[in-house]
Amino acid sequence: MIEKLREDFAEYQKKSRLDKNEIIENLPFPIESKNEIGRKIIKEIITSKNSDDMEFCLLLLWITDEDEDCIDLLHEILLEPWHEKYHDIIHDLQWRQHPSSVPTIKIAMQQKYPFLEAYSTGTGQFINQCGHALKSIGTEEAIEAIKDLAKNSEDPIVKVEMIYRLSKIFPEDYPEDEDLPRWYDFD
């Protein structure tokens, strides 16, 4: 069944626009069990640590996760060091604006992922996107996470990006003409 799904998804990805309903109609298992079976397949991908399966994994999450009951899997994948989809996942979490993502995002932005470290702008861009995601979530916990990282992070890139993010949340606390350092100033 997994191979059939991979083949079908590969065909869907060739199209210029994915139609979620069309994909759901053609699933090789009953729609009622898509969350159960989808979760099982996604957990198998996480366990296998095969980065080639991440595109398939994220598409399957998009199909099966209608009520954000699989957001814990996105959190788990974000913290895994073996794939290349960090930007896609953090954009998804930013779009979802789910409060449960705050602790995971805070942890993720303080880690060094081999894929992001492999190119000079990867980690800085990712940290910036994590800041966007926390700001988008916008809960008291998310704002406190930004404040905590701005004050206490030992990583200078995390620190400057969170200070910058605070300047966007609380512009009255930062002079308009003050040119704050950013992640790209460290290259």
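For the structure given in this document, a descriptive report is provided here.

Conventions and cut-offs
Residues numbered from 1 in each chain as written. Predicted model: local features only at pLDDT ≥ 70, side-chain atom pairs only at ≥ 80, totals over all residues. Heavy atoms only, no water. Phe/Tyr/Trp six-rings, centres within 6.5 Å; stacked < 30°, edge-to-face > 60°. Lys NZ or Arg CZ within 6 Å of the ring centre and 35° of its normal. Salt bridge = Lys/Arg side-chain N within 4 Å of Asp/Glu carboxyl O. Helix = DSSP H or I, 4+ residues; strand = E, 2+ residues; numbered from the N terminus. Buried < 20%, exposed > 50% of the residue type's maximum accessible area, 1.4 Å probe, protein only. Polar contact = N/O pair within 3.5 Å; in protein donor to acceptor, adjacent residues only side chain to side chain. Contact = heavy atoms within 4.5 Å. Axes fitted to C-alpha atoms, helices over the stretch in contact; angles between N-to-C directions. Parallel < 35°, antiparallel > 145°, perpendicular 65-115°, else oblique. Nonpolar A, V, L, I, M, F, W, Y, C, P; charged D, E, K, R; others polar. Expected span 1.5 Å × (residues − 1). Arc of directions from axis to C-beta.

1. Some remarks on the packing of aromatic side chains
Geometry of an aromatic ring pair is reported as the spacing of the ring centres plus the angle between the planes.
For step 1, the next point in the chain: Taken as a whole and assessed by the stated rule, the structure comprises five aromatic pairs.
For step 2, the next point in the chain: The interplanar angle of 70° and the centroid separation of 5.7 Å between the aromatic rings of F115 and Y119 together place this pair among those described as edge-to-face.
For step 3, the next point in the chain: Within the aromatic cluster, the residues linked to one another by ring pairs are Y86, Y113 and F126.
For step 4, the next point in the chain: Geometry around Y164 places R182 over its ring, the cationic atom sitting 3.5 Å from the centre.

2. Let's talk about the pattern of salt bridges
For step 1, the next point in the chain: Using the criterion set out here, one finds 10 salt bridges in the structure.
For step 2, the next point in the chain: Between E55 and K85 there is a salt bridge, with its nearest N and O atoms 2.6 Å apart. Residue E55 is located in helix α4 (residues 54–64), and its partner K85 is located in the loop between α5 (71–78) and α6 (86–96); the two are separated by 30 residues in the primary sequence.
For step 3, the next point in the chain: Judged by relative accessible area, which is 37%, E55 ranks as partly exposed.
For step 4, the next point in the chain: Between K147 and E144 there is a salt bridge, and its shortest N-O distance comes to 3.6 Å. Of this pair, K147 and E144 both sit in helix α10 (residues 140–152), separated by three residues, roughly a single helical turn.
For step 5, the next point in the chain: Taken together, the shared-partner salt bridges connect E55, K85 and D88 into one network.

3. So, the side chain of S153
For step 1, the next point in the chain: Relative to the assigned elements, S153 resides in the loop between α10 and α11 (156–169).
For step 2, the next point in the chain: A relative accessible area of 9% means that S153 is categorised as buried.
For step 3, the next point in the chain: Engagement of the side chain of S153 in a polar contact is seen with the backbone nitrogen of D155, the distance being 3.1 Å.
For step 4, the next point in the chain: Beyond its immediate chain neighbours, meaning those up to four positions away, S153 contacts D148, V158 and K159.

4. A look at unusual backbone geometry
For step 1, the next point in the chain: Notably, K49 is not glycine yet its phi reads approximately 55°, a positive angle.
For step 2, the next point in the chain: With respect to the helices and strands, the residue K49 is situated in the loop between α3 (34–48) and α4.
For step 3, the next point in the chain: Within the chain, Q97 stands out as a residue other than glycine whose phi angle is a positive 55°.
For step 4, the next point in the chain: On the secondary structure map, Q97 appears in the loop between α6 and α7 (102–109).
For step 5, the next point in the chain: On the basis of relative accessibility, which here comes to 42%, the residue Q97 falls in the partly exposed class.

5. Some remarks on the packing of α6 against helix α9 (residues 122–137)
For step 1, the next point in the chain: The geometry of α6 relative to α9 is characterised by a closest axis approach of 8 Å and an angle of 10° between their N-to-C directions. Accordingly, the angle class assigned to the pair α6 and α9 is roughly parallel. Taking contact as the criterion, the partners of Y86, H87, I90, H91 and Q94 in α6 are, on α9, G122, Q125, F126, Q129, C130, H132, A133 and S136.
For step 2, the next point in the chain: Tallied by class, residues from the contact of α6 with α9 come to five nonpolar, eight polar and no charged.

6. Focus: α10
For step 1, the next point in the chain: With 13 residues, α10 should reach 18 Å at 1.5 Å per residue; the first-to-last C-alpha distance of 18 Å fits that figure.
For step 2, the next point in the chain: Among the residues of α10, those classed as buried are A142, I143, A145, I146, L149 and A150. All buried residues of α10 lie within an arc of 155° about the axis, which places them on one face of the element. Summarising the geometry of α10, the exposed residues directed more than 90 degrees from the buried face are E140 and K151.

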